[in-house]
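Breakdown of the fold
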Amino acid sequence: MLALSNVSAGYGSFQALFGVSLEVKAGESVAVIGPNGAGKTTLLRAISKLIALTAGEVTMEGRSLKHVPAHEVIACGISQVPENRRLFPRLTVEENLRMGAFLVSSRNRFLERRNFVFNLFPRLEERRNQLAGTLSGGEQQMCAIGRALMSGPKLLLLDEPSAGLAPVIVQSIMEMVKRICAEGYTVLIVEQNIRQVLKVVDRAYLLETGRIKSSGSSAELLASDEIRKAYLGI
(Lines give C-alpha, C1' and ligand atoms only; values in the text may rest on other atoms or scores of the structure.)
Protein backbone atom coordinates (compact mmCIF):
# COMPACT_ATOMS: atom_id res chain seq x y z
CA MET A 1 0.00 0.00 0.00
CA LEU A 2 2.62 2.56 1.15
CA ALA A 3 6.19 2.45 -0.11
CA LEU A 4 9.15 4.71 0.60
CA SER A 5 12.15 4.36 -1.67
CA ASN A 6 15.49 5.95 -0.71
CA VAL A 7 13.77 8.90 0.95
CA SER A 8 15.90 11.77 2.24
CA ALA A 9 14.46 14.87 3.89
CA GLY A 10 15.23 17.55 6.42
CA TYR A 11 14.79 21.15 7.45
CA GLY A 12 16.84 23.71 5.56
CA SER A 13 20.48 22.70 5.74
CA PHE A 14 19.78 20.04 8.38
CA GLN A 15 19.23 16.56 6.96
CA ALA A 16 17.11 14.28 9.16
CA LEU A 17 16.51 11.25 6.90
CA PHE A 18 19.11 9.47 4.79
CA GLY A 19 17.94 7.07 2.08
CA VAL A 20 15.07 5.51 4.03
CA SER A 21 13.17 2.67 2.36
CA LEU A 22 10.23 0.83 3.89
CA GLU A 23 6.81 -0.53 2.98
CA VAL A 24 3.47 -1.08 4.64
CA LYS A 25 1.13 -3.64 3.11
CA ALA A 26 -2.66 -3.40 3.24
CA GLY A 27 -4.00 -4.66 6.56
CA GLU A 28 -0.63 -4.52 8.31
CA SER A 29 0.30 -2.70 11.48
CA VAL A 30 3.90 -1.49 11.28
CA ALA A 31 5.97 0.50 13.76
CA VAL A 32 8.99 2.72 13.29
CA ILE A 33 10.89 2.62 16.56
CA GLY A 34 13.98 4.39 17.75
CA PRO A 35 15.34 6.97 20.18
CA ASN A 36 14.33 10.60 20.42
CA GLY A 37 15.81 12.57 17.53
CA ALA A 38 16.09 9.56 15.23
CA GLY A 39 13.89 11.17 12.57
CA LYS A 40 10.64 9.32 13.25
CA THR A 41 8.36 12.37 13.21
CA THR A 42 10.20 13.72 10.16
CA LEU A 43 9.41 10.44 8.42
CA LEU A 44 5.67 10.90 8.95
CA ARG A 45 5.85 14.56 7.95
CA ALA A 46 7.54 13.50 4.71
CA ILE A 47 4.76 10.98 3.98
CA SER A 48 2.11 13.64 4.69
CA LYS A 49 3.95 16.14 2.46
CA LEU A 50 4.37 18.57 5.34
CA ILE A 51 8.04 18.74 4.38
CA ALA A 52 9.56 18.25 0.94
CA LEU A 53 11.77 15.32 0.04
CA THR A 54 15.31 16.08 -1.04
CA ALA A 55 15.60 12.64 -2.65
CA GLY A 56 13.61 9.45 -3.15
CA GLU A 57 9.93 8.79 -3.63
CA VAL A 58 6.78 8.02 -1.64
CA THR A 59 3.99 6.04 -3.30
CA MET A 60 0.50 5.17 -2.06
CA GLU A 61 -1.21 2.27 -3.79
CA GLY A 62 1.30 2.61 -6.62
CA ARG A 63 0.66 6.33 -7.09
CA SER A 64 3.54 8.73 -6.57
CA LEU A 65 2.81 11.51 -4.08
CA LYS A 66 5.51 13.72 -5.58
CA HIS A 67 3.12 16.29 -7.03
CA VAL A 68 0.33 15.88 -4.44
CA PRO A 69 0.05 18.97 -2.21
CA ALA A 70 -0.21 18.44 1.55
CA HIS A 71 -3.89 19.37 1.72
CA GLU A 72 -4.78 16.66 -0.79
CA VAL A 73 -2.90 13.81 0.89
CA ILE A 74 -5.96 12.92 2.99
CA ALA A 75 -7.95 12.45 -0.23
CA CYS A 76 -5.38 9.79 -1.18
CA GLY A 77 -6.49 7.81 1.87
CA ILE A 78 -3.80 8.88 4.35
CA SER A 79 -4.80 10.38 7.71
CA GLN A 80 -2.35 11.40 10.43
CA VAL A 81 -2.68 11.73 14.19
CA PRO A 82 0.00 14.33 14.97
CA GLU A 83 2.31 14.29 17.96
CA ASN A 84 0.76 16.03 20.98
CA ARG A 85 -2.68 15.47 19.42
CA ARG A 86 -3.22 19.04 18.10
CA LEU A 87 -6.94 19.16 18.88
CA PHE A 88 -9.05 22.31 18.65
CA PRO A 89 -9.27 22.92 22.42
CA ARG A 90 -12.22 25.35 22.31
CA LEU A 91 -14.33 23.04 20.16
CA THR A 92 -16.31 20.15 21.59
CA VAL A 93 -15.42 16.52 21.01
CA GLU A 94 -18.13 16.22 18.36
CA GLU A 95 -17.00 19.43 16.65
CA ASN A 96 -13.44 18.08 16.52
CA LEU A 97 -14.76 14.91 14.92
CA ARG A 98 -16.66 16.98 12.39
CA MET A 99 -13.39 18.74 11.47
CA GLY A 100 -11.99 15.32 10.57
CA ALA A 101 -14.84 14.80 8.13
CA PHE A 102 -14.27 17.89 6.00
CA LEU A 103 -13.90 15.97 2.72
CA VAL A 104 -17.16 15.93 0.77
CA SER A 105 -17.16 12.13 0.72
CA SER A 106 -16.71 12.10 4.50
CA ARG A 107 -19.37 14.75 5.16
CA ASN A 108 -21.93 12.59 3.42
CA ARG A 109 -21.15 9.76 5.83
CA PHE A 110 -20.66 11.85 8.97
CA LEU A 111 -23.21 10.09 11.18
CA GLU A 112 -21.99 6.65 10.11
CA ARG A 113 -18.34 7.54 10.79
CA ARG A 114 -19.15 9.31 14.06
CA ASN A 115 -21.09 6.31 15.34
CA PHE A 116 -18.20 4.05 14.37
CA VAL A 117 -15.83 6.23 16.40
CA PHE A 118 -18.23 6.30 19.36
CA ASN A 119 -18.50 2.50 19.25
CA LEU A 120 -14.73 2.25 19.20
CA PHE A 121 -14.31 4.81 22.00
CA PRO A 122 -17.48 4.90 24.17
CA ARG A 123 -15.86 7.52 26.42
CA LEU A 124 -15.99 10.01 23.55
CA GLU A 125 -19.74 9.63 23.26
CA GLU A 126 -20.02 10.42 26.97
CA ARG A 127 -17.87 13.53 26.40
CA ARG A 128 -19.32 14.52 23.01
CA ASN A 129 -20.40 18.00 24.18
CA GLN A 130 -17.32 18.67 26.32
CA LEU A 131 -14.60 21.05 25.15
CA ALA A 132 -11.63 19.04 23.88
CA GLY A 133 -9.21 21.19 25.88
CA THR A 134 -10.79 20.02 29.14
CA LEU A 135 -10.37 16.29 28.44
CA SER A 136 -7.75 14.14 30.15
CA GLY A 137 -4.63 13.24 28.19
CA GLY A 138 -5.92 9.78 27.34
CA GLU A 139 -9.31 11.14 26.27
CA GLN A 140 -7.62 13.73 24.08
CA GLN A 141 -5.67 10.98 22.36
CA MET A 142 -8.91 9.07 21.76
CA CYS A 143 -10.40 12.23 20.25
CA ALA A 144 -7.36 12.81 18.02
CA ILE A 145 -7.47 9.22 16.75
CA GLY A 146 -11.24 9.47 16.30
CA ARG A 147 -10.87 12.69 14.31
CA ALA A 148 -8.35 10.99 12.00
CA LEU A 149 -10.71 8.04 11.49
CA MET A 150 -13.58 10.31 10.45
CA SER A 151 -12.23 10.51 6.89
CA GLY A 152 -12.36 6.72 6.55
CA PRO A 153 -8.62 6.46 5.78
CA LYS A 154 -6.95 3.53 4.07
CA LEU A 155 -3.76 4.25 6.05
CA LEU A 156 -3.60 5.70 9.56
CA LEU A 157 -0.37 7.40 10.67
CA LEU A 158 0.16 7.66 14.43
CA ASP A 159 2.91 9.95 15.72
CA GLU A 160 4.06 9.07 19.27
CA PRO A 161 0.57 8.33 20.65
CA SER A 162 1.98 7.54 24.12
CA ALA A 163 3.93 10.83 24.45
CA GLY A 164 3.32 12.63 27.74
CA LEU A 165 0.92 10.05 29.11
CA ALA A 166 1.14 8.10 32.38
CA PRO A 167 2.21 4.43 32.03
CA VAL A 168 -1.27 3.11 32.85
CA ILE A 169 -2.76 5.37 30.15
CA VAL A 170 -0.09 4.25 27.67
CA GLN A 171 -1.33 0.68 28.05
CA SER A 172 -4.89 1.73 27.27
CA ILE A 173 -3.73 3.73 24.23
CA MET A 174 -1.89 0.67 22.91
CA GLU A 175 -5.05 -1.38 23.43
CA MET A 176 -6.86 1.22 21.31
CA VAL A 177 -4.27 0.77 18.56
CA LYS A 178 -4.77 -2.99 18.74
CA ARG A 179 -8.54 -2.53 18.37
CA ILE A 180 -8.08 -0.25 15.37
CA CYS A 181 -5.85 -2.85 13.70
CA ALA A 182 -8.45 -5.53 14.48
CA GLU A 183 -11.01 -3.40 12.59
CA GLY A 184 -8.91 -3.92 9.47
CA TYR A 185 -7.14 -0.57 9.30
CA THR A 186 -3.62 -0.33 7.96
CA VAL A 187 -1.50 1.46 10.56
CA LEU A 188 1.98 2.99 10.57
CA ILE A 189 2.97 4.12 14.06
CA VAL A 190 6.15 5.84 15.23
CA GLU A 191 6.86 5.34 18.89
CA GLN A 192 9.62 5.60 21.51
CA ASN A 193 7.89 3.17 23.87
CA ILE A 194 9.39 0.16 22.15
CA ARG A 195 8.35 -2.53 24.61
CA GLN A 196 4.67 -1.55 24.42
CA VAL A 197 4.41 -0.93 20.68
CA LEU A 198 6.07 -4.21 19.73
CA LYS A 199 3.27 -6.02 21.58
CA VAL A 200 0.75 -4.42 19.23
CA VAL A 201 2.19 -4.33 15.70
CA ASP A 202 3.04 -7.03 13.16
CA ARG A 203 6.41 -5.68 12.05
CA ALA A 204 8.79 -2.85 12.88
CA TYR A 205 11.71 -0.85 11.52
CA LEU A 206 14.45 0.50 13.78
CA LEU A 207 15.41 4.06 12.82
CA GLU A 208 18.62 5.56 14.21
CA THR A 209 20.12 8.91 13.21
CA GLY A 210 17.89 9.06 10.13
CA ARG A 211 18.74 5.61 8.79
CA ILE A 212 16.99 2.22 8.96
CA LYS A 213 19.27 0.02 11.06
CA SER A 214 17.19 -3.15 11.17
CA SER A 215 13.71 -4.52 10.57
CA GLY A 216 11.70 -7.63 11.22
CA SER A 217 8.66 -9.06 12.91
CA SER A 218 7.77 -7.83 16.37
CA ALA A 219 8.83 -11.15 17.85
CA GLU A 220 12.20 -10.99 16.09
CA LEU A 221 12.92 -7.48 17.33
CA LEU A 222 11.79 -8.26 20.88
CA ALA A 223 14.19 -11.21 20.86
CA SER A 224 17.07 -9.19 19.38
CA ASP A 225 19.97 -8.80 21.83
CA GLU A 226 20.78 -5.39 20.30
CA ILE A 227 17.24 -4.09 20.87
CA ARG A 228 16.98 -5.65 24.33
CA LYS A 229 20.26 -4.14 25.54
CA ALA A 230 19.97 -0.72 23.90
CA TYR A 231 16.27 -0.01 24.35
CA LEU A 232 14.64 -2.45 26.77
CA GLY A 233 17.24 -2.41 29.52
CA ILE A 234 17.56 -6.20 29.51
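Residues numbered from 1 in each chain as written. Predicted model: local features only at pLDDT ≥ 70, side-chain atom pairs only at ≥ 80, totals over all residues. Heavy atoms only, no water.

**Topic: unusual backbone geometry**
Its identity is not glycine, yet Asn6 carries a phi of approximately 50°, on the positive side. Residue placement: Asn6 occurs in strand S1 (residues 2-11). For Lys49, which is not glycine, the phi torsion reads 65° and is therefore positive. The residue Lys49 is located in the loop between helix H1 (40-47) and strand S4 (53-60) in this model. (Helix = DSSP H or I, 4+ residues; strand = E, 2+ residues; numbered from the N terminus.)

**Observations regarding the nonpolar core**
By size, the foremost hydrophobic cluster in this structure holds 45 residues, and its most contacted members are Phe121, Leu149 and Ile180. No other element matches helix H7 (residues 167-182), which puts 7 residues into this core. Residues in contact with Leu149, not counting those within four places in the same chain, are Arg113, Phe116, Val117, Leu120, Leu156, Ile180 and Tyr185. If you look at the next biggest cluster of nonpolar residues, it comprises 29 residues, including Val20, Ile47, Leu65 and Leu188. (Core = buried A, V, L, I, M, F, W, Y, C linked by side-chain atoms within 4.5 Å. Buried < 20%, exposed > 50% of the residue type's maximum accessible area, 1.4 Å probe, protein only. Contact = heavy atoms within 4.5 Å.)

**A word on the packing of aromatic side chains**
This model, assessed by the stated rule, comprises 1 aromatic pair. With centroids separated by 6.0 Å and ring planes inclined at 45°, the aromatic side chains of Phe116 and Tyr185 adopt a geometry described as tilted. Placement of the pair is Phe116 in helix H4 (residues 110-120) and Tyr185 in the loop between H7 and strand S8 (186-191), with a sequence separation of 69 residues. Just as Phe116 is buried, Tyr185 falls in that class too. Above the plane of the ring of Phe110 lies Arg98, whose end atom (NZ or CZ) is 3.9 Å from the centre. (Phe/Tyr/Trp six-rings, centres within 6.5 Å; stacked < 30°, edge-to-face > 60°. Lys NZ or Arg CZ within 6 Å of the ring centre and 35° of its normal.)

Without other data, these values stay purely geometric and don't point to any function.
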